[in-house]
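For reference, the chains in residue letters:
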Amino acid sequence: MTSQLIDRFGRTIEYLRLSVTDRCDLRCTYCLPEGFRGFEEPDHWLTFDEIEKLLGVFAKLGLKRLRITGGEPLLRRGLPNLITRLSKLKGINDISLSTNATQLDKHAQTLHHAGIKRINVSLDTLKPERFAKIAQRDSFHRVMSGLMEAKKEGFSPIKINMVAMNHVNDDEIDDMVIFCMENGFILRLIETMPMGETGRNADYLDLQPVRARLRKRFNLEDRILSGGGPARYMQSRDGQFTVGFITPISQHFCATCNRVRLSVDGTLYMCLGQNEKMEFRQALRNGLSEEHIETMIRNAVELKPERHEFRESPQKIIRIMAKTGG
Ligand code: SAM
């Protein structure tokens, strides 16, 4: 039997997004509803031992890349310790982090030493008052200070994830391009996905026209970047600036999907936009053998659907992003 994980559609699964908490200190209007109470009980959070055991089996099955996410991952106590442990797993050669950066100034150095080399920072606006409206928290200056600390620390690359929304922040896309050019950040523009009520009610903006406009204004060229994931990239002619487009609605990218998502309660979700899943917490707590866990992982990969249906069935009930591990 091959040691790789290959799904029914011939896609090799080698990338896992690990949500270490579903909690967040922001309440972005398109993500976590204000007053949300459905957070996982701490008893249900996979422990570091459980995560290490499960990912150890995954690594033997060809997992190469790991992204730590949430909720806001920096809210999980002891995170650098977990990262140090996971960076020792044979086969996993790339561990990155997605963060809102509110706490990054405190943790940048420890995270870097623990083995994170690349980070993605969510930043939807460069205007403090607008930030407070979108994130429903007045945290803009903390985010900027976290981001600048990360730059000083030497994370590379630093990617800025901007969820672009109609009449919310679409007038700032060019400013964000210039900000990223000046700071050496890669920009990724993201279309809102209909995940939960919040995602469905977000002000969707089709990024295809934006892409055409930016190409012209900033003299950009299409580029294929290795490990680029779902984003389609363009670069300046000197290669100094890169912008990616994550367009699940206007142009989906499921044919090359190589990833699965593990939520904090031990549920492995096979697709961001579908409900197929496998629950590992009980198996881990019952002390099941590695062989048994391997079989569960292989069975889960068999369930991976061909694609999401965000466009055809936006009403389909899907978890909010913070729950899945975005
Ligand atoms: N807190 C971390 C962060 O800010 O990067 C990690 C988790 S957050 C859920 C991951 C990303 O998902 C963020 O960039 C966020 O903007 C994005 N996101 C959340 N809900 C979304 C939605 N409905 N559509 C598109 N992107 C969404």
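Please read these numbers as outputs of a predicted model, since none were measured by experiment.

What counts and how
- Residues numbered from 1 in each chain as written.
- Predicted model: local features only at pLDDT ≥ 70, side-chain atom pairs only at ≥ 80, totals over all residues.
- Heavy atoms only, no water.
- Buried < 20%, exposed > 50% of the residue type's maximum accessible area, 1.4 Å probe, protein only.
- Helix = DSSP H or I, 4+ residues; strand = E, 2+ residues; numbered from the N terminus.
- Arc of directions from axis to C-beta.
- Contact = heavy atoms within 4.5 Å.
- Lys, Arg positive; Asp, Glu negative; His and termini not counted.
- Salt bridge = Lys/Arg side-chain N within 4 Å of Asp/Glu carboxyl O.
- Polar contact = N/O pair within 3.5 Å; in protein donor to acceptor, adjacent residues only side chain to side chain.
- Near = heavy atom within 4 Å.
- Areas by Shrake-Rupley, 256 points an atom, 1.4 Å probe, with all protein chains shown as cover.
- Nonpolar A, V, L, I, M, F, W, Y, C, P; charged D, E, K, R; others polar.

Tell me about helix H3 (residues 104-114), and name the residues and values.
Considered for burial, the residues of H3 that qualify are Leu-104, Ala-108, Leu-111, His-112 and Ala-114. Angularly, the buried residues of H3 cover 150° about the axis, an arc narrow enough to put them on a single face. Away from the buried face of H3 by more than 90 degrees, exposed residues Lys-106 and His-113 are located. Looking at the buried positions of H3, the neighbouring elements they touch are helix H2 (79-86), strand E3 (94-99), strand E4 (118-122) and helix H5 (140-153). Gly-115 lies just past H3 and shows a positive phi near 125°.

Talk me through the side chain of Arg-67; I want residue IDs and the actual numbers.
Within the secondary structure, Arg-67 is located in strand E2 (residues 65-69). Buried and unpaired, Arg-67 has no salt bridge, with Asp-94 as the nearest side chain of opposite charge at 6.6 Å. Among the polar contacts listed, one links the side chain of Arg-67 to the side chain of Tyr-15, at a separation of 3.2 Å. When near neighbours in sequence (up to four residues on either side) are disregarded, Arg-67 contacts Tyr-15, Leu-16, Arg-17, Leu-18, Ser-96, Leu-97, Ser-98, Arg-118 and Asn-120.

Tell me about the pattern of salt bridges, residues and numbers included.
Taken as a whole, this structure holds 23 salt bridges when the rule is applied. Between Asp-7 and Arg-11 there is a salt bridge, and its shortest N-O distance comes to 2.7 Å. As far as burial versus exposure is concerned, Asp-7 and Arg-11 are alike and both buried. The partner of Asp-174 in a salt bridge is Arg-217, with the nearest N and O atoms 2.7 Å apart. Within this pair, whereas Asp-174 is found in helix H6 (residues 173-183), its partner Arg-217 is found in helix H8 (residues 207-217), the two being separated by 43 residues in sequence. Overlapping salt bridges bring together Asp-49, Glu-52 and Arg-85 as one network.

Tell me what's going on with the site of the ligand, and back it up with residues and numbers.
Around the ligand, 18 residues are found, and the nearest of them are Tyr-30, Gly-71, Glu-72, Ser-122 and Met-193. Side-chain polar atom of Tyr-30 to an oxygen atom of the ligand: 3.0 Å apart, as the coordinates give it. Glu-72 places a polar side-chain atom, nitrogen or oxygen, 3.0 Å from a nitrogen atom of the ligand. Surface burial for the ligand is 93%, taken as the share of its 540 Å² of free accessible area covered by protein chains. Breaking the shell around the ligand down by element, the ones donating at least two residues are E3 and strand E5 (158-163). Residues belonging to the shell around the ligand are distributed by class as follows: 5 nonpolar, 11 polar and 2 charged.

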